[in-house]
Amino acid sequence: QVQLVESGGGLVQPGGSLRLSCAASGSRFGFNLMGWYRQAPGKARDLVAVITSGGGTNYADSVKGRFTISRDGTKNTVYQQMNTLKPEDTAVYLCRITTGNLYTYWGQGTQVTVSS
C-alpha cells in the first residue's frame with residue numbers, strides 16, 4: 001500500500017522561506033512523476049512544480065525563480081524549497097506521486113501561511 005507523508009508547512013512572514021518534504025513508500029514499481037500542487041480557499045487545485053524520475057522539472061509561472069523542486073531517489077522523497085514567499089502563496093500544499101505502474105496518489109496536505 002502506497003503511503004505519502006508530508007511535512008514542512010507552517011506560518012512564515014513575507015519574504016521568508018520554507019521547505020516541504022513528501023516521503024513515499026510502498027510501491028513495488030517505484031515512483032515516476034513527483035510533484036506539488038496547492039489549493040487556496042475557494043480556488044481550484046493548481047500545479048506548483050513537478051519532477052520526473054530523470055530529474056526534469058516544470059514550474060508554474062508564479063513560482064519560477066522562487067521555488068525549487070528536487071528529489072532523493074534513495075529515500076523516495078520529493079522536496080520543495082520555497083523562497084521569497086508571498087501572501088498569495090498561502091494555501092494547502094499537496095504532494096502528488098505517480099508510481100511506476102501509473103497509479104496516482106495524493107498526500108494529506110500541509111498548510112502554508114504567509115502573513116505578517
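Residues numbered from 1 in each chain as written. Predicted model: local features only at pLDDT ≥ 70, side-chain atom pairs only at ≥ 80, totals over all residues. Heavy atoms only, no water.

Once that is clear, we can look at the overall build of the protein chain. What the protein chain contains, in helices and strands, is zero helices and 11 strands. Along the protein chain, from the amino end to the carboxyl end, the secondary structure elements read β-β-β-β-β-β-β-β-β-β-β. For the protein chain, whose C-alpha radius of gyration is 14 Å, the value lies close to the compact-globule estimate of 13 Å for 116 residues. Once the C-alpha set of the protein chain is aligned to its principal axes, its extents read approximately 45 × 25 × 25 Å. A total of 116 residues make up the protein chain; the buried ones form 40% of that total. Summed over its atoms, the accessible surface of the protein chain is roughly 6100 Å², and 48% of this surface lies on carbon and sulfur atoms. The distance from the centre of the 11 positive side-chain charges to the centre of the 6 negative ones in the protein chain is 5 Å. (Helix = DSSP H or I, 4+ residues; strand = E, 2+ residues; numbered from the N terminus. Rg over C-alpha atoms; globule rule 2.2 N^0.38 Å. Buried < 20%, exposed > 50% of the residue type's maximum accessible area, 1.4 Å probe, protein only. Areas by Shrake-Rupley, 256 points an atom, 1.4 Å probe, with all protein chains shown as cover. Lys, Arg positive; Asp, Glu negative; His and termini not counted. Charge placed at Lys NZ, Arg CZ, Asp CG, Glu CD.)

Below, the discussion takes up the sheet that holds strand β8 (residues 77-82). Taken in spatial order, the four strands line up as β1-β3-β8-β7 in an open sheet, and their pairing is antiparallel. Of all strands in the sheet, those bounded by a partner on one side alone are β1 (3-7) and β7 (67-72). Put simply, the sheet's adjacent strands are angled 15° from each other on average, direction ignored. Judged from the five bridges that link them, β1 and strand β3 (residues 18-25) form a sheet pairing that is antiparallel. Bridging from a neighbouring strand, Leu 4 pairs with Ala 24 of β3. (Pairing = 2+ DSSP bridges. Axes fitted to C-alpha atoms, helices over the stretch in contact; angles between N-to-C directions.)

Attention shifts here to the side chain of Arg 66. Here Arg 66 shows up in the loop between β6 (57-59) and β7. At 2.9 Å, the side chain of Arg 66 and the backbone oxygen of Thr 84 are in polar contact. Discounting chain neighbours no more than four positions away, the residues touching Arg 66 are Gln 81, Met 82, Asn 83, Thr 84, Leu 85, Lys 86 and Asp 89. (Polar contact = N/O pair within 3.5 Å; in protein donor to acceptor, adjacent residues only side chain to side chain. Contact = heavy atoms within 4.5 Å.)

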